[in-house]
Each structure stands twice: as C-alpha cells, then as structure tokens.
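# Working through the structure, step by step
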Amino acid sequence: MHSFSRNLRQRAAVTLTGLVLFAFASLVFSGMTGSVSIPLSDIPAAVSELLHGQSQTLASTLLDLRLSRALTAFVTGAALSLAGVMMQALLRNPLADPYVLGISAGASVGALAALLFGCAIWMVDASAFGGAVAVSMMLYLLARRDLRGGAAAEGGTALLLLTGVILSSACMAMVTLMLSIAPESRLRSMVFWMIGDLAGAPMRALPWIVLAGGLVFALRSARSMNVMALHAEAAATLGIRVGALRKGLFFASGLLTASAVTSAGSVGFVGLIVPHACRFAVGADHRVLIPAAALAGGTFLLLADTLARTIIAPQQLPVGVLTALIGAPVFLYQLHRLRK
C-alpha cells in the first residue's frame, strides 16, 4: 500500500515537473515567434537588457511586448482552467465549464456597455469585472439554497443551474441589443471582445493575485473535493463542511472567471476541455488535478495566442476563434472516449 501511494506521488511529481518545463519552453517560444522572429541566440542578451531596464535593441523591445502578452495569456488560461475544475466539482459534472452559470455573460454586459459609450480601457475592464461580480451575487442570492449543506447539497444543483441559465439568457439579450444599436466605429472592438482577444491586453497584477488565491483555496480544499466527488450523499457525515465548501467553490470560480474574462474577453473551451483532458491524463485526484489543470490551461492559451498572432502575420486573429476551432474537435474526441 505504501509503495502504491509512493508510486502515485512520484508519477504526480514527474507529471507536474514536465508541465512546468513545457510551460517555460512555450513562453520562450512565444517570445521568439512573431511577424519578426528573434533568434534563440539573441534571447539571453535581450532578457539581460530587460532585467537591467535597458531595452535598446529590437530583440529586447519585441521580447518585452511579447512576454507581456504571453504572461497575460498564461494567467488567463490558468484561471479559466482552474475555474473549470472548481465548477465541475461544484456541479459534480465533468462536462461543466466556467461559463455555465452566466458569470461571463454579466462581464460581457458590463464591458460592451463601456465600449458602447466610448469609455477608457480601464473603465471597460472595471465594468467587465463589476458585471461578473454583480451576476455572481445575484445568482447567489437567488439560488443560495443549492449552496447550503445537508439535504440541499444532496439534492443536486438544479436550482443553481436553472437560475444561471436564466440570468445568462437575460444578459445575452442585453448584449444583442447593444450590438444592434452600436455605431460602426465601435462594433468591431465589441465583437472582438465577445469572441475573446488578447491584442493590447495589459500586464496587470490583479489576475495573478486572484489566481494565487484561487490555487491556495483549491489545494487546501482538494481532499474535501475528492470526498464530495466520491461520496456526495455521505460527505457531511465524513466530516466535510459541505455548505462552506460549495460556497467557497462558487465564489472562487466566479472570481477566477471574472478575472479571466476581464483580461481577454469570452475565450471559450479552455475551462471545459483542459480539466477534462487532465482528468484523463492524471486521474481524478484533485491534489494533482488542480495544479496540472492550471499549468496545462495556461500553456494551452499561451500557444493558442501565439498561433493567433502568427498564422496570418502581420494580421492577428482573435484567440477565441482558435480555442473554439481547436476545442470543438478535442471535446468531441473526449466525449467519444468517455462513451467508450
């Protein structure tokens, strides 16, 4: 028994180390790749210039711009993937995603309203975050019975899901209204935000703080999430504070989704396919699944964004288009394996 658990720990350590190395290699590749490539031999000198605050060469200037966008892509993908793991644990459904409760729809209403009125970029970000938080609070107030422990926890999440679907539909109706009355000069930016785009996304500390907080909470709750996934009906009798755990998962996944959507718009499929793929690769133990999904989600969106800005360079595609084109067949393949 001890050797079996030791083998599992070794396998988890090897997997996570491989994901960290692959994420670092992807970050270097993203910095090198673009309409103007940077030779690998120039990367050390460019990094040295950036560390000393002396961006004098073309290589260091390009690397500075690309790394800022790459790091934003990584933290966005990691947040979406971690939110997907939490949402799947909360709803006890491996096919749930961060957008299922309509939180991203609330962010869309806030962001598009700010874009419609020609507000500054920081106001667009603040409006998106505020819209996501507002929908989260409204959802909690309307469906808090499903987030309690005891019988409500055992009875499923029908009220929570139904309320989320209704709120999402109402928000999308408001989005459609704003798109229909938007002037031509602002329509393109509004559509790109809806699809999901990292062009011009600034590097900020808040998404990293939210991601770090979400990781700490998720890892501390990993054992309880395992128990709730396997023995939902008896979780309370096994010492799990089901109500507190469900509320924590709800609010943590909501903040992660709000942070990600604020940074990059409504990027789809990351929070759906990455946790599911990691569950196939590393198993359902949340102690391993949580860090693996965060690393894999960040790397996936980083590589997708690199492809989006290079595939038809110097023009750039919205990264949400590529995640959907990649995610749809991958998801169908995962469904096929799940059925078998």
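Parameters and conventions
- Here the residue numbering is sequential within each chain, running from 1 through the sequence in written order.
- Note on the predicted model: pLDDT of at least 70 is required for a residue's local features to be given, and 80 or more for side-chain atom pairs to be given and counted; whole-chain, interface and lining totals, by contrast, use all residues.
- Each side-chain value is derived from all of the structure's non-hydrogen atoms; neither hydrogens nor water enter the calculation.
- Where helices and strands are cited, they refer to DSSP runs of H or I of at least four residues and of E of at least two residues respectively, numbered from the N terminus.
- Each residue's exposure class comes from its accessible area (1.4 Å probe, protein chains only) as a fraction of the maximum for that residue type: buried when under 20%, exposed when over 50%, partly exposed otherwise.
- In this description, contact between two residues means that some pair of their heavy atoms is separated by no more than 4.5 Å.
- The Shrake-Rupley method, run with a 1.4 Å probe, gives the accessible areas here. Residue values count only the displayed protein chains as cover.
- To estimate how far a helix should reach, multiply one less than its number of residues by 1.5 Å.
- Aromatic rings from Phe, Tyr and Trp, taking only the six-membered ring of Trp, are treated as a pair when their centres fall within 6.5 Å; an angle between ring planes under 30 degrees marks them as stacked, one over 60 as edge-to-face, and anything in between as tilted.
- Any carboxyl oxygen of Asp or Glu within 4 Å of a side-chain nitrogen of Lys or Arg constitutes a salt bridge here.
- To get an axis, fit a line to the C-alpha atoms, keeping to the stretch in contact for a helix; angles then go from 0 to 180 degrees between the N-to-C directions.
- The scheme is simple: roughly parallel for angles under 35 degrees, roughly antiparallel for over 145, roughly perpendicular for 65 to 115, oblique for anything else.
- Polar here means any residue outside two lists: the nonpolar Ala, Val, Leu, Ile, Met, Phe, Trp, Tyr, Cys and Pro, and the charged Asp, Glu, Lys and Arg; Gly therefore counts as polar.

## With respect to the overall build of the protein
Assigned secondary structure in the protein consists of 14 helices and 0 strands. The helix and strand sequence of the protein, counted from the amino end, reads α-α-α-α-α-α-α-α-α-α-α-α-α-α. Every one of the 340 residues in the protein was classed for burial, and the buried ones make up 49%. Put simply, of all contacts in the protein between residues at least 6 apart along the chain, 76% involve residues at least 24 apart. Carbon and sulfur atoms provide 68% of the accessible area of the protein, an area that totals close to 16,200 Å².

## A closer look at unusual backbone geometry
Here Phe-269, not a glycine, exhibits a phi torsion of approximately 75 degrees, which is positive. Examined against the element boundaries, Phe-269 turns out to sit in the loop between helix 11 (242-264) and helix 12 (270-282). On the basis of relative accessible area, Phe-269 is assigned to the partly exposed category, the value being 26%.

## Some points on helix 13 (residues 286-310)
Taking 1.5 Å of rise per residue, 25 residues should cover 36 Å, and helix 13 covers 35 Å from first to last C-alpha, within 8% of that figure. Of all 25 residues that make up helix 13, 21 are buried, and the element is covered over most of its length.

## Points about the environment of Ala-212
With respect to the secondary-structure elements, Ala-212 resides in helix 9 (residues 206-220). Ala-212 sits in the partly exposed class, given a relative accessible area of 40%. Spatially, the C-alpha atom of Ala-212 lies 10.0 Å from that of Leu-256, the residues being 44 residues apart in sequence.

## What about helix 8 (residues 184-195)?
Between the first and last C-alpha of helix 8 there are 17 Å, a value that for 12 residues agrees with the 16 Å anticipated at 1.5 Å per step. Regarding helix 8, the residues found buried are Met-190, Phe-192, Trp-193 and Met-194.

## Brief notes about the packing of aromatic side chains
Tallied over the entire structure, the rule returns 4 aromatic pairs. Plain terms: the ring middles of Phe-74 and Trp-208 are 6.4 Å apart, the flat faces sit at 15 degrees to each other, and that makes the pair stacked. With Phe-74 in helix 3 (residues 58-91) and Trp-208 in helix 9, the pair connects residues that are 134 residues apart, well separated along the chain. Seen in terms of ring centroids, Tyr-140 and Phe-251 are 5.1 Å apart; in terms of plane orientation they differ by 50 degrees. Their pairing is tilted.

## Things to note about the pattern of salt bridges
Tallied over the full model, the rule gives 3 salt bridges. Notably, a salt bridge pairs Arg-204 with Asp-125, separated by 2.6 Å at the nearest N-O pair. Of this pair, Arg-204 sits in the loop between helix 8 and helix 9 while Asp-125 sits in helix 5 (residues 121-143), and the two are 79 residues apart along the sequence. Arg-287 is the salt-bridge partner of Asp-285, the closest N and O atoms lying 2.8 Å from each other. On the accessibility criterion, Asp-285 (25% relative accessible area) is partly exposed. Of the residues examined, Arg-287 reaches a relative accessible area of 41% and is grouped as partly exposed.

## Remarks on the side chain of Ser-263
Turning to its location among the elements, Ser-263 is positioned in helix 11. For Ser-263, a relative accessible area of 9% corresponds to the buried category.

## Re the packing of helix 10 (residues 222-230) against helix 11
Their axes nearest at 11 Å, the elements helix 10 and helix 11 cross at an angle of 110 degrees. As summarised for this structure, helix 10 and helix 11 are arranged roughly perpendicular, according to the angle between their axes. Contact with helix 10, carried on its side by Ser-224, Met-225 and Met-228, involves Val-242, Leu-245, Arg-246 and Leu-249 of helix 11 and no other residues of that element. Within the contact of helix 10 with helix 11, the residues separate by chemical class into 5 nonpolar, 1 polar and 1 charged.

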